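# Results of the structural survey
So the chains spell out like this:
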Amino acid sequence: MRAPDRALKNAGPASNRTASGGRPSRDEAEEAVRTLLRWAGDDPAREGLLDTPSRVVRSYEEFFSGYAEDPVEILKRTFKEVEGYDEMVVLKDIRFESHCEHHVAPIIGTAHVGYLPKSRVVGISKLARIVEIYARRLQIQEKLTAQIANTLQDVLDPKGVAVVVDAAHQCMTTRGIHKPGVTMVTSRMLGLFRSNPSTRREFLAIIGTPSDRLQNV
Ligand SMILES: [Zn+2]
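Per chain, residue numbering runs from 1 following the sequence as it is written. The predicted nature of this model means local features are confined to residues of pLDDT at least 70 and side-chain atom pairs, given and counted, to a pLDDT of 80 or more, with totals for whole chains, interfaces and linings taken over all residues.

### Here we look at the packing of helix H2 (residues 26-40) against helix H3 (residues 52-63)
The line we're drawing: Angles shown run from 0 to 180 degrees and are taken between the N-to-C directions of axes, each axis being a line fitted to C-alpha atoms and, for helices, limited to the stretch in contact. Elements are defined by DSSP. Helices are runs of H or I of four residues or more, strands are runs of E of two residues or more, and each kind is numbered from the N terminus. Rotating anticlockwise by less than a right angle from the far helix to the near helix defines a left-handed crossing, while the corresponding clockwise rotation defines a right-handed one. Residues are treated as contacting if the C-beta atoms built from their backbones sit within 7 Å of each other.
H3 packs onto H2 with a crossing angle of 115° between their chain directions and a minimal axis gap of 8 Å. Judged by the sense of rotation from one axis to the other, the crossing of H2 with H3 is right-handed. Residues Arg-26, Ala-29, Glu-30, Val-33, Arg-34 and Leu-37 of H2 lie in contact with H3, whose contacting residues are Thr-52, Pro-53, Ser-54, Val-56 and Val-57.

Written out as structure tokens, the structure is:
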């Protein structure tokens, strides 16, 4: 379940934003869906499947809308300078839906995000937006976790950032080894959350995740 190291090297905020080779047209995308329907063994020309390619393409627009948005820009636009506020900010149980980059199967879970401000804070709804934007791209959970944490660290420059992601992967539950009910918990701790055990413990107590479940990325 560990991420290969090369995946984490690409975990910077803007790393997977652009497709290479130009974007295909909508017609080309719909034709590709017809090909997959034929590959599955069905007939794309039968009545029940006639509108399926356009529906699938529209679904992809929604599932992968995160490529068109830049979390760094959103945070840069919205942070406030507030000298002296130094309490931990935590937003927990942020539900997200993503798709694994290996099978394009859903990853459904929750993210918990915390930081210790130095001088900049951001509205908590923006923390949820950052999770959503990265989730709406093809992902592995380790990369998603690292991207959220690294972006907050880079833009807000806080004393520390903690991100814990707890998710079920449908590529594990509905195919392959078929293990329903299994979730993976990944975490990335930066700054004081990494260096100070009591800060980390406080965060983990708030989100209700025992530290022995964490897989650090
Ligand atoms: Zn997968």
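That was the structure; now back to the text.
### Observations regarding the sheet that holds strand E3 (residues 106-116)
Let me state the cut-off plainly: In this description, strands pair whenever DSSP reports at least two bridges between them.
Taken together, the six strands give an open sheet; going across it, the order is E5-E2-E3-E6-E7-E8, and neighbouring strands pair in mixed fashion. Among the strands making up the open sheet, the edge pair consists of strand E5 (138-139) and strand E8 (215-216). As defined by bridge partners, strand E2 (residues 89-100) adjoins E5 across two bridges and the pair is classed as parallel. Note that in E5 the partner of His-99 across the bridge is Leu-138. Strands E2, E3, strand E6 (160-169) and strand E7 (184-191) of the sheet are contacted by helix H9 (residues 197-207), whose axis makes an angle of about 70° with E2.

### A short note on the domain arrangement of the protein
Put simply, the test is: Residue ranges assigned to each domain were obtained from an automatic or database domain assignment.
Domain boundaries assigned for the protein yield domain 1 (26-63) and domain 2 (73-216). Once you take the C-alpha centre of each, domain 1 and domain 2 turn out to be 34 Å apart.

### A closer look at the pairing of E6
The following threshold applies: Each residue is classified by how many other C-beta atoms fall within 10 Å of its C-beta atom, where C-beta atoms are placed from the backbone; a count of 20 or more means buried, 12 or fewer means exposed, and values in between mean partly exposed.
Taking burial as the measure, the 10 residues of E6 include eight buried ones, the bulk of the element. As defined by bridge partners, E3 adjoins E6 across 10 bridges and the pair is classed as antiparallel. The partner of Ile-107 across the bridge, within E6, is His-169. The sheet contact formed by E6 and E7 spans eight bridges and is antiparallel. Along E7, the bridge assignment pairs Val-164 with Ser-187.

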